[in-house]
Amino acid sequence: MLKAARTLTFKCAKCAKAVKVNLQKVSACSHIQPYMGVCACGEVRLHATGNQAAVASFLASNGLDWSHSH
């Protein structure tokens, strides 16, 4: 099984600068790999890969108090 990248880079939707997102710590499961980063302009950027329901839950949380459990 391939490991998820620790960092990814995206273009900020607000200012178009590059923003790096870091893999967040989660339980040892392969259902979701959540990423979060903050652009220099202050815009929070979330990204996730994995199970559709878990990804949707993470993105809807805006990165606040999100947790994943079985």
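Residues numbered from 1 in each chain as written. Predicted model: local features only at pLDDT ≥ 70, side-chain atom pairs only at ≥ 80, totals over all residues. Heavy atoms only, no water.

(A) Inspection of the side chain of S61 at higher detail. Inspection of the secondary structure puts S61 in the segment after α1 (52-60). A polar atom in the side chain of S61 sits 2.6 Å from the backbone oxygen of F58. (Helix = DSSP H or I, 4+ residues; strand = E, 2+ residues; numbered from the N terminus. Polar contact = N/O pair within 3.5 Å; in protein donor to acceptor, adjacent residues only side chain to side chain.)

(B) Local environment of α1. Of all the residues in α1, the buried ones are A54, V55 and F58. Axial view of α1: buried residues confined to an arc of 100 degrees, hence all on one face. The exposed set on the far side of α1, more than 90 degrees from its buried face, consists of Q52, A53 and A60. The inward-facing, buried residues of α1 contact β3 (32-38) and β4 (44-50). (Buried < 20%, exposed > 50% of the residue type's maximum accessible area, 1.4 Å probe, protein only. Arc of directions from axis to C-beta. Contact = heavy atoms within 4.5 Å.)

(C) Here's a closer look at the packing of aromatic side chains. A full pass over the atoms with the stated rule returns zero aromatic pairs. The ring of F10 has R45 lying over it, and the distance from NZ or CZ to the ring centre is 4.1 Å. (Phe/Tyr/Trp six-rings, centres within 6.5 Å; stacked < 30°, edge-to-face > 60°. Lys NZ or Arg CZ within 6 Å of the ring centre and 35° of its normal.)

(D) Summary view of unusual backbone geometry. Phi at A16 is positive, roughly 70 degrees, even though this residue is not glycine. You can see A16 is positioned in the loop between β1 (7-11) and β2 (18-23).

(E) Geometry of the nonpolar core. Counting seven residues, the largest nonpolar core consists of I32, L46, A48, A54, V55, F58 and W66. Secondary structure elements with two or more residues in this core: β4 and α1. If one sorts the elements of this core by residue count, α1 sits on top with three residues. (Core = buried A, V, L, I, M, F, W, Y, C linked by side-chain atoms within 4.5 Å.)

(F) Highlighting the environment of S57. Along the chain, S57 falls in helix α1. Residue classification places S57 among the partly exposed positions, given a relative accessible area of 37%. For the pair S57 and S67, spaced 10 residues apart in the sequence, the C-alpha separation amounts to 9.2 Å.

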